[in-house]
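Examination of the molecular architecture
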Amino acid sequence: MNITTEVFKVDSSNFDETIKRAALILKKGGLVAFPTETVYGLGADALNPEAVRKIFEAKGRPADNPLIVHIAAKEHLHDLAMDVPAHAAGLVDAFWPGPLTLVLKRKNIVPDITTGGLDTVAVRMPDNQIALELIRQAGTPIAAPSANVSGRPSPTDAGHVIADLAGRIDAVIDGGSVRIGVESTVVDVTGDIPVILRPGGIGIEDIRKCAGDAIIGYTDRAVGEEEAVRSPGMKYTHYSPQTEVVLVEGSGAEVSDRISELVAAAHEKGTRVGLLVTDETASHVSTDEMYSLGERDRPEQAARSLFTGLRWLDGRGVDVIIVDGSVNHEGVGAAVLNRLRKAAGRIIEISPK
Ligand code: TXA
Ligand code: MG
């Protein structure tokens, strides 16, 4: 695979014309990466099996890991899903457009390849003008996984997409950095009780305010093939840079102390350390390379920094990346912790004294 990847830079002066060009590529069965409010997605016509096949090939994604289908208007959900139960409609009203993906029984119009052979389909309406206009102009629902090589951290700007996928996709629309930084919350609404399959941009507390009985159906640990998982994507390693990642979890001060000790021990051995840490920890350690997760109690800052930071540190030639897991777990913090745990080769848990 070595095709020329066009980079479309959008601004207010060329918006309409640029989106039209990109939409034409999608209509013809090509691949276009585009920004959403969560992360960049790698789009193809969701109803064209040959186009969708190219997504799996470009990403090196296992064929049984289904894609999210993106729509530009709520009513299009009914084109793809067999029926939309009341609790699902309530979630749509509360959170669309936005970082919420719903899993529903699919209609036959959705090809097998898009759903990884499942009888369900994942649908979301993104909250980003470029994404919405692109889907509208393409005139078809757009299948889009995160626009990274399978297993790598998700892309939060066009440079990340180019680093992973240049030569493998037709185009990327550069719309700057994303707003949220972690992917959508995935909720299975096929049963009587909604099941949260992946934590994401919408906090679990907020899902429960709307669908009070929602239960958690994901694990933060890397899970083995043999375990029955309802969201096929959960069984694969994820979000990992090339460098080894060590995550330190526990309450604030203890995590900061332990990270200082780890850094001192590493420097003693001549190991180069990269740190992805909260501002509180940063204020009492120093090391070769450091990227900020923001304030401990502001998980939305950590969400925006996490994939960017992992990619940046990966490019700094460090031997190990030590990550601060003391970020507040509320709201988008659950997604931050989930991604960090999946990226980590090793987790150090400091139990309270
Ligand atoms: O924010 C997002 O969701 C981004 C942007 C681009 O919209 N997309 C994204 O897609 O994160 P991806 O492919 O990286 O993750 C989709 C997740 C996977 O874990 C997949 O297994 C799950 O959604 N999924 C998709 N269809 C499903 C289905 N029918 N049943 C259960 N899980 C499904
Ligand atoms: Mg992904």
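Sequence order as written defines the numbering, with residues in each chain counted from 1. The lettering of chains begins at A and the numbering of ligands begins at 1, in the order of writing. Local features are withheld for residues below a pLDDT of 70 in this predicted model, meaning they are given only at 70 or higher, and side-chain atom pairs are given and counted only at 80 or more; totals for whole chains, interfaces and linings count all residues. Remark: hydrogens and water are excluded; side-chain values derive from all non-hydrogen atoms of the structure.

**Here's the deal with the environment of asparagine 128**
The helix count covers DSSP runs of H or I at least four residues long, the strand count covers runs of E at least two residues long, and both are numbered beginning at the N terminus. Here asparagine 128 lies in the loop between strand S6 (120–124) and helix H5 (129–138). Residue exposure (1.4 Å probe, protein chains only): buried if accessible area is under 20% of the type maximum, exposed if over 50%, otherwise partly exposed. For asparagine 128, a relative accessible area of 16% translates into the label buried. With 51 residues separating them in the primary sequence, asparagine 128 and arginine 179 have C-alpha atoms 9.2 Å apart. For asparagine 128, the contacting residues outside a window of four places in its chain are Pro35, Thr36 and Glu37. Whenever two N or O atoms come within 3.5 Å, that pair is a polar contact, provided that in protein one can donate a hydrogen and the other can accept it, and provided that, for residues adjacent in sequence, both atoms are side-chain atoms. Side-chain polar atoms of asparagine 128 contact the backbone nitrogen of isoleucine 130, separated by 2.9 Å. A polar contact is formed between the side chain of asparagine 128 and the backbone nitrogen of alanine 131, at a distance of 3.0 Å. By definition, residues are in contact when any of their heavy atoms lie within 4.5 Å.

**A closer look at the site of ligand 1**
Each residue is tested against the molecule or strand, and it is near if at least one of its non-hydrogen atoms lies within 4 Å. Thr38, Arg61, Asn65, His70 and Ser184 are the nearest of the 25 residues found near ligand 1. Asparagine 65 is positioned with one of its side-chain polar atoms (N or O) 2.8 Å from an oxygen atom of ligand 1. The contact in question runs from a nitrogen atom of ligand 1 to an N or O atom on the side chain of threonine 120, over 3.0 Å. Using the Shrake-Rupley algorithm and a 1.4 Å probe, accessible areas are obtained, with residue cover drawn only from the displayed protein chains. The protein chains hide 96% of the 680 Å² of surface that ligand 1 would expose on its own. Secondary-structure elements contributing two or more residues to the shell around ligand 1 are strand S4 (68–70), S6 and strand S10 (195–198). Top contributing element to the shell around ligand 1 by residue count: S6, with three residues. Residues that form the shell around ligand 1 fall into these classes: 11 nonpolar, nine polar and five charged. Side-chain classes follow a simple rule in which Ala, Val, Leu, Ile, Met, Phe, Trp, Tyr, Cys and Pro form the nonpolar group, Asp, Glu, Lys and Arg form the charged group, and the remainder, Gly included, forms the polar group.

**Quick look at the domain arrangement of the chain**
Once the domains are mapped, the chain shows domain 1 (6–211) and domain 2 (244–349). The start and end points of each domain follow an automatic or database-based domain assignment. On a C-alpha basis, the centres of domain 1 and domain 2 stand 29 Å from each other. Taken together, the 22 residues of domain 1 in the interface contact 15 residues of domain 2. Between domain 1 and domain 2 lies a buried interface of about 1400 Å² when both sides are counted; carbon and sulfur atoms form 54% of it. A 1.4 Å probe defines the accessible area here, and the buried area is the portion of it lost by two parts on being joined, summed over both. Of all residues in domain 1, Pro153, Val182 and Pro199 give up the largest surface area on contact with domain 2, accounting jointly for 32% of the area buried on that side. Think of a salt bridge as a Lys or Arg side-chain nitrogen and an Asp or Glu carboxyl oxygen that are within 4 Å of each other. Counting every contact that joins domain 1 to domain 2 gives three salt bridges. For the pair domain 1 and domain 2, the interface holds nine residue pairs in polar contact (both at pLDDT 80 or more). Elements with a contribution of two residues or more to the side of domain 1 that touches domain 2: helix H6 (158–165) and helix H7 (204–210). In the side of domain 1 that touches domain 2, the residues fall into seven nonpolar, nine polar and six charged.

**Some points on H5**
In an α-helix, one turn spans 3.6 residues; hence positions three or four apart end up facing the same way. Judged by how many residues are buried, H5 sits mostly within the fold: seven of 10 residues are covered. Among the residues of H5, Ile130, Ala131, Leu132, Glu133, Leu134, Ile135 and Ala138 are the ones counted as buried. A side-chain oxygen of the first residue of H5 lies 2.9 Å from the backbone nitrogen of isoleucine 130; this N-cap is asparagine 128.

**Section: the nonpolar core**
Formed by 67 residues in total, the largest nonpolar core has its most connected members in Leu42, Leu91, Trp96, Leu100, Leu102, Ile173 and Ile207. Discounting residues that sit within four places of it in the chain, leucine 102 has contacts with Ala88, Leu91, Val92, Trp96, Val121, Ala122, Val123, Val187 and Val189. Residues enter a nonpolar core if they are buried and are Ala, Val, Leu, Ile, Met, Phe, Trp, Tyr or Cys, with the set joined through side-chain atoms within 4.5 Å. Ile180, Leu310, Val332 and Ala335 belong to the second largest nonpolar core, which has 24 residues in total.

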